[in-house]
Amino acid sequence: MPPRTRPDVTDETKYGIRVLRFLPKCEGFDVWELQMRLLAWGSGTDNDEIGSFMDPVRVTGIFDTTTRDAVKRFQKAYKLPITGVVDDPTFRAINGQAALFPVLIHDFRCPCATRKDDPKIICRCVDPHPESGKCEGFGKKRFAGKFLLDGKKLADDTDLSTEKLDVYDMEEHDGVDKALLWAVRGLMKRAEIDRISIIAGYRCWHDNYLHTDTRHWSHRKITLNLGKAIEFQHGGRCTRHGEEIEYEYSDTGERNEIGRDWETKANCARCEEIRVAAMAKCGFQLRWQEPDRLSVAESNKKSPPPVTPFSVQIDTVRRVGRHKEDFVKTYFDSLQPAYEVAPSMFLPVDLGSGLDPRIASSQDYFANPEKKKGGWFPLGGSRTWHSGVHLYAPTGNAVHAIAPGEVIACRTGEADSAEPYGSRNFVLLRHKLKTKNWYSLYMHLDAGKAVATSLLSWRQRLHVQTLDAVEVMVPMPLFVKKEVDEYKADGTSEKKNRLIPAKGHNLGDWVATEGDAVDPLTLDTGAPKDSLVFKVADKADTYIYTKMENKVVGERRLKTAGLDTKIAGAKVIGLDKPIKVAGGEKLGTIGAAPTDLTLNGEGSFLHVEVFAEEQLLTGDGWTLVEATDPAKAADRKAITEALVAKKLLASYDDSVLLDADLQAAGADPNNFLLRSAVLNSPSAWSIDWKAALAAATPLSFLKVVDRDKLGDDFNKYSWWTEAKPGGLLPASEVVFHYHPIAFLVQLAHT
């Protein structure tokens with residue numbers, strides 16, 4: 001198979017900005033990066049009933065059936081909908097592997113860089129030794145274009161110089177193959193390993209020169225470890241630690257194992273299980289027979305090298321088409337390019353056909369509110385402008401974010417039956433459509449509180465904002481300080497403090513902390529330099545990084561003054577520190593049905609609406625309705641005339657919609673035209689309804705006291721003014737409203 005070339009990055013193929021799927025066919029840089037992250041999710045020898053038998057993932061940049069099936073295996077393992085489509089939740093879960101299954105680059109540093117001294121090289125090479133000298137941890141970029149077989153011949157005089165296979169490549173690559181790290185993360189999940197202990201990562205040629213066979217005076221030739229291999233043990237007690245090993249020492253103090261009866265020693269059983277999982281589940285191969293597949297070293301010491309009876313060695317030596325940027329030297333770089341936000345779209349509630357607007361019946365979602373008394377977009381049951389729709393479903397039904405975004409305003413924790421027109425608990429999300437903001441509102445949610453134990457991520461993060469915290473900027477493990485036994489060259493051990501990685505947090509999480517920043521080297525002498533950690537609150541001896549190897553991986557967030565009081569009082573909250581949410585993420589459930597007599601017969605419902613600061617959808621099929629005067633928001637005559645003038649409604653004799661007229665409009669076969677309206681009006685949640693009702697001439701028949709009470713009741717649901725101090729609302733309360741289902745369907749098919 002000829003070498004592949006990594007696709008160039010374009011605006012359309014940046015990693016994580018589009019949904020990836022088999023059909024319509026996706027290919028490009030983002031697919032290349034996705035496949036790199038899924039190398040451990042191919043098919044092996046034990047058929048998992050997904051996709052083809054023995055079908056390992058290859059990095060090609062083309063979203064093929066193998067990639068689709070790998071996505072399905074991943075989704076099944078992480079309890080996501082098994083679609084084979086890489087949407088926002090799937091992207092986030094793939095990213096999150098780095099926090100759940102830590103593989104840390106600083107543990108890969110070459111031993112020659114971490115030794116205090118630099119022993120003399122004892123060998124039969126010319127003096128001084130060619131291109132020697134300690135590296136800084138990841139080689140010195142030596143021997144580019146050179147191969148071990150250069151100048152070598154067989155006994156029959158066959159020249160081997162043209163055999164430039166990667167297994168003989170002598171180049172010290174500038175870092176570790178990023179694909180290797182993702183492969184090990186995936187293997188850890190599939191082999192059920194929480195933590196690994198790295199035995200060998202990078203080994204430069206200087207380090208190889210320091211390890212000679214004292215019987216033959218020849219160098220170790222482990223070219224795989226020039227950035228393309230990892231040797232590790234599981235986090236438990238490996239057999240290797242319990243066996244007796246005899247050593248001999250050279251004049252320079254180098255240790256060599258001798259007297260080991262390899263043929264009678266049992267392999268580490270757990271390491272053997274991991275090797276089997278690598279081949280049986282992940283599709284890795286034994287050694288290097290097939291190009292473009294990951295390899296696992298053998299465990300049988302009788303076999304020729306490589307063998308690892310007491311550890312696991314994985315390498316990417318046969319991976320085709322690698323690029324110089326695939327080699328990384330920091331944990332931060334191993335996660336790049338960063339996942340941005342795939343514009344995945346989801347329906348807010350499941351009415352029986354799922355949440356995917358490309359698959360679910362949109363007609364069900366249109367008909368659901370249009371057959372009820374609550375009215376429909378842009379008309380309300382009270383014959384006022386209605387900037388959203390009511391989706392009727394039982395109390396307790398899950399409510400989901402319709403797209404990736406961030407919480408910028410909310411009310412949470414109030415009894416959902418406290419007011420007659422339904423729950424006042426809500427969430428307002430801000431989203432991006434390329435460079436433009438748009439917003440989605442979810443009103444009438446359950447009474448769940450923002451507490452540390454909340455099962456909803458956004459509520460838990462809101463609680464953490466009442467404390468000093470760190471916002472996670474890349475998926476980041478937590479680190480627990482433990483005293484461990486470390487073995488020295490003479491076979492003795494000593495106690496040392498080490499920061500041991502543990503399951504951590506994904507991008508956007510908030511972690512409560514205490515105290516000031518600490519240099520991790522004061523906690524663990526093997527920690528990375530140029531780094532900072534904070535102590536995690538309420539967890540003994542646990543830390544989280546905000547800077548690792550001079551890269552920002554977390555942001556310090558001081559607690560928001562007065563937020564705890566607002567949460568406790570179930571007040572409207574405008575956030576100046578937005579809380580990230582994923583597309584499809586659960587935001588809560590539908591609250592109790594309204595107690596108002598005009599509404600309670602219809603049952604419980606979710607009010608959902610979509611608006612933007614500027615008109616996002618234009619052209620054929622979209623009709624702009626200007627209604628910018630808040631005094632006209634309750635004027636039935638003005639509303640009717642505006643809709644009739646745009647030919648969205650049939651004309652009425654008195655130009656005033658009555659209850660019967662509203663029901664007739666709902667039965668009109670042309671009522672679908674209303675779904676295409678783009679309503680440019682003040683947000684209903686910013687209007688003074690008492691003043692608007694008083695200004696509406698068609699409502700003059702109401703007693704003033706009844707009209708004013710109705711206005712006061714409506715105003716209890718307003719939140720715009722209270723949320724505005726957060727600074728993340730649109731600059732003007734006059735915004736463009738869309739039918740949320742029509743908007744979703746349009747974007748989902750764009």
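Starting afresh in each chain, residues are numbered from 1 along the sequence in its written order. Where totals are concerned, whole chains, interfaces and linings use all residues; where local detail is concerned, this predicted model gives features only for residues with pLDDT of at least 70, and gives and counts side-chain atom pairs only at 80 or more. Remark: hydrogens and water are excluded; side-chain values derive from all non-hydrogen atoms of the structure.

For the rest of this paragraph, the subject is the overall build of the protein. Counting secondary structure elements, the protein contains 18 helices and 32 strands. Overall, the C-alpha framework of the protein stretches about 110 × 55 × 40 Å when taken along its three principal axes. Taking all 750 residues of the protein together, 54% fall into the buried category. Contacts: residue pairs with any heavy atoms within 4.5 Å of one another. A separation of at least 24 residues holds for 69% of the contacts in the protein among residues at least 6 apart in sequence. Summed over its atoms, the accessible surface of the protein is roughly 32,200 Å², and 51% of this surface lies on carbon and sulfur atoms. This count recognises Lys and Arg as positive and Asp and Glu as negative, with His and chain-terminal groups excluded. Here the site of a charge means NZ on Lys, CZ on Arg, CG on Asp, or CD on Glu. Put simply, the protein has 100 plus and 106 minus side-chain charges, and the middle of one group is 1 Å from the middle of the other. A helix here means a DSSP run of H or I that spans at least four residues, while a strand means a run of E at least two residues long, and both kinds are numbered starting from the N terminus. Partly exposed describes any residue whose relative accessible area lies between the buried limit of under 20% and the exposed limit of over 50%, with all areas from a 1.4 Å probe on protein chains only and scaled to the type maximum. Surface accessibility in these figures is a Shrake-Rupley result with a 1.4 Å probe; residues are shielded only by whichever protein chains are displayed.

What follows concerns helix α13 (residues 636-645). Among the residues of α13, Arg-636, Ile-639, Thr-640, Ala-642 and Leu-643 are the ones counted as buried. Down the axis, α13 shows its buried residues gathered within 165 degrees of arc, on one side only. On its buried face, α13 sits against β13 (379-380) and β30 (623-626). Phi turns positive, to about 60 degrees, at Lys-647, one or two residues after α13. Arc definition: directions from the helix axis to the C-beta atoms.

Further remarks concern empty space enclosed by the protein. Vacant regions in the atomic arrangement are exposed by a probe of water-molecule size rolled over the atoms. Cavity and pocket criteria rest on a 1 Å grid covering protein atoms alone: a 1.4 Å probe that fits but cannot get out defines a cavity, protein on both sides within 12 Å along at least 5 of 7 lines defines an open pocket, and an atom within 4 Å of a point defines a lining residue. Grid points are joined across faces, edges and corners, and a volume is the space filled by probe spheres set on the points. Enumeration according to the criterion identifies two cavities of 30 Å³ or more in this entry. In terms of lining residues, the largest cavity is bounded by Trp-385, His-386, Ser-387, Ala-633, Leu-679, Ser-681, Pro-682, Ser-683, Ala-684, Ile-687 and Trp-689. Any residue that is not Ala, Val, Leu, Ile, Met, Phe, Trp, Tyr, Cys, Pro, Asp, Glu, Lys or Arg is counted as polar, Gly included; the first ten are nonpolar and the last four charged. Residue composition of the lining of the largest cavity, by class: seven nonpolar, four polar and no charged. The calculated volume of the second largest cavity comes to roughly 40 Å³. Every residue along the wall of the second largest cavity is listed here: Leu-39, Pro-56, Val-57, Cys-282, Gly-283, Phe-284, Asp-292, Arg-293 and Leu-294.

Here the focus is the nonpolar core. With 88 residues, the main nonpolar core has Leu-187, Ile-230, Phe-232, Ile-314 and Met-476 as its most contacted residues. Aside from chain neighbours lying at most four places away, what touches Ile-230 is Val-103, Phe-108, Leu-180, Val-184, Ile-196, Ile-198, Ala-200, Val-312, Gln-313 and Ile-314. Judged by nonpolar contacts, the second largest core, of 71 residues, contains Met-345, Ala-401, Ile-590 and Trp-689. Throughout, nonpolar core names a set of buried Ala, Val, Leu, Ile, Met, Phe, Trp, Tyr and Cys residues whose side chains join them through atoms within 4.5 Å.

Across the sheet, which stays open at both edges, the five strands sit in the order β2-β5-β10-β9-β8 with mixed pairing between neighbours. The two strands at the open ends of the sheet, each matched to only one other strand, are β2 (196-200) and β8 (285-286). Should DSSP find at least two bridges between two strands, the strands are taken to pair. Bridge count between strand β9 (residues 295-296) and strand β10 (residues 312-315): two bridges; the pairing is antiparallel. Each bridged residue has a counterpart across the sheet, and for Ser-295 the counterpart in β10 is Asp-315.

Right, let's talk about unusual backbone geometry for a bit. In this chain, Leu-23 is followed by Pro-24 through a cis amide linkage whose omega measures -5 degrees. Relative to the elements of secondary structure, Pro-24 occurs in the segment before α1 (29-37). Cis peptide bonds are those with omega within 30 degrees of zero, and the linkage from Gln-336 to Pro-337 qualifies with 0 degrees. Mapped onto the elements, Pro-337 comes out in the loop between α9 (331-334) and α10 (362-370). Phi at Phe-143 is positive, roughly 60 degrees, even though this residue is not glycine. The topology assignment puts Phe-143 in the loop between α4 (111-114) and β1 (176-177).

Should a side-chain nitrogen of Lys or Arg be within 4 Å of a carboxyl oxygen of Asp or Glu, the pair is scored as a salt bridge. Taken as a whole, this structure holds 45 salt bridges when the rule is applied. A salt bridge links Arg-287 to Glu-298; the shortest N-O distance between them is 3.6 Å. Here Arg-287 is found in the loop between β8 and β9, whereas its partner Glu-298 is found in the loop between β9 and β10, with eleven residues between them in sequence. For Glu-298, a relative accessible area of 14% translates into the label buried. Among the ionic pairs, Glu-494 bridges to Lys-496, the shortest N-O distance being 3.7 Å. Here the salt bridges share partners, and the residues they tie into one network are Arg-6, Glu-33, Arg-37, Asp-166, Asp-177, Lys-178, Lys-228, Arg-319, Arg-322, Glu-325 and Asp-326.

Both faces of strand β19 (residues 469-472) are covered, namely the face carrying Ala-469 and Glu-471 and the face carrying Val-470 and Val-472. As defined by bridge partners, β19 adjoins strand β22 (residues 510-518) across three bridges and the pair is classed as antiparallel. Bridge assignment links Ala-469 to a residue of β22, and that residue is Ala-512. Strand direction decides the pairing type here: β19 and strand β26 (residues 554-557), joined by four bridges, are antiparallel.

Next up on the list: the packing of α10 against helix α18 (residues 740-748). Every angle, taken between N-to-C directions, lies between 0 and 180 degrees, and every axis is a line fitted to C-alpha atoms, over only the stretch in contact when it is a helix. Viewed as axis vectors pointing N to C, α10 and α18 meet at an angle of 165 degrees, and their least axial separation amounts to 10 Å. The angle between α10 and α18 places the two elements in the roughly antiparallel class. Crossing handedness for the pair α10 and α18: left-handed. Contact with α10, carried on its side by Ser-362, Tyr-365 and Phe-366, involves Ile-741, Ala-742 and Val-745 of α18 and no other residues of that element. Orientation categories follow fixed angle ranges, with anything under 35 degrees roughly parallel, anything over 145 roughly antiparallel, 65 to 115 roughly perpendicular, and all other angles oblique. Whether a crossing is left-handed or right-handed is set by the direction in which the near helix is turned from the far one by less than a right angle, anticlockwise for left-handed and clockwise for right-handed.

By convention, a stacked pair of Phe, Tyr or Trp rings (six-membered ring in the case of Trp) has centres within 6.5 Å and planes under 30 degrees apart, an edge-to-face pair has planes over 60 apart, and any other such pair is tilted. Tallied over the entire structure, the rule returns 21 aromatic pairs. Seen in terms of ring centroids, Trp-685 and Trp-719 are 6.4 Å apart; in terms of plane orientation they differ by 20 degrees. Their pairing is stacked. Of this pair, Trp-685 sits in the loop between β31 (677-682) and α15 (689-695) while Trp-719 is found in the loop between α16 (704-715) and α17 (720-723), placing the two residues 34 residues apart along the sequence. Counted as over-ring charges are cases with an Arg CZ or a Lys NZ within 6 Å of the ring centre that also lie within 35 degrees of the ring normal. Here the guanidinium or amino end of Arg-287 rests over the ring plane of Trp-288, the centre of that ring lying 5.5 Å away. Lying across the ring of Phe-366, Arg-675 places its NZ or CZ 4.3 Å from the centre.

On to the confidence of the model for the protein, then. Confidence of the predictor at the level of single residues is captured by pLDDT, which takes values from 0 to 100. Of all residues in the protein, 90% have pLDDT values of 70 or greater, and the mean over the chain is 88. Contacts of residues 241-262 to residues separated by more than four positions or lying in other chains number 47 contacts, the stretch itself having pLDDT below 50.

Another aspect to go through is the pairing of β31. Taking burial as the measure, the six residues of β31 include six buried ones, the bulk of the element. In terms of strand pairing, β30 meets β31 through four bridges, oriented parallel. The partner of Thr-623 across the bridge, within β31, is Ala-677. One ladder, built from five bridges, connects β31 with strand β32 (residues 734-738); its direction is antiparallel. Bridge pairing links Leu-679 to His-737 in β32.

Within the secondary structure, Glu-555 sits in strand β26. Put simply, Glu-555 and Val-470 are 85 residues apart on the chain and 5.4 Å apart in space, counted from C-alpha to C-alpha. What Glu-555 contacts, discounting residues up to four positions off in sequence, is Ala-469, Val-470, Glu-471 and Met-473.

Note on placement: Asp-509 falls in the loop between β21 (493-505) and β22. Relative accessible area serves as the criterion here: at 16%, Asp-509 is assigned to the buried category. N or O atoms closer than or at 3.5 Å make up a polar contact, with two conditions inside protein: a donor-capable atom paired with an acceptor-capable one, and, for residues adjacent in sequence, both atoms drawn from side chains. Engagement of the side chain of Asp-509 in a polar contact is seen with the backbone nitrogen of Asn-506, the distance being 3.1 Å. In this structure Asp-509 touches Ser-457, Arg-461, Val-470, Glu-471 and Val-472, once residues within four positions along its chain are discounted.

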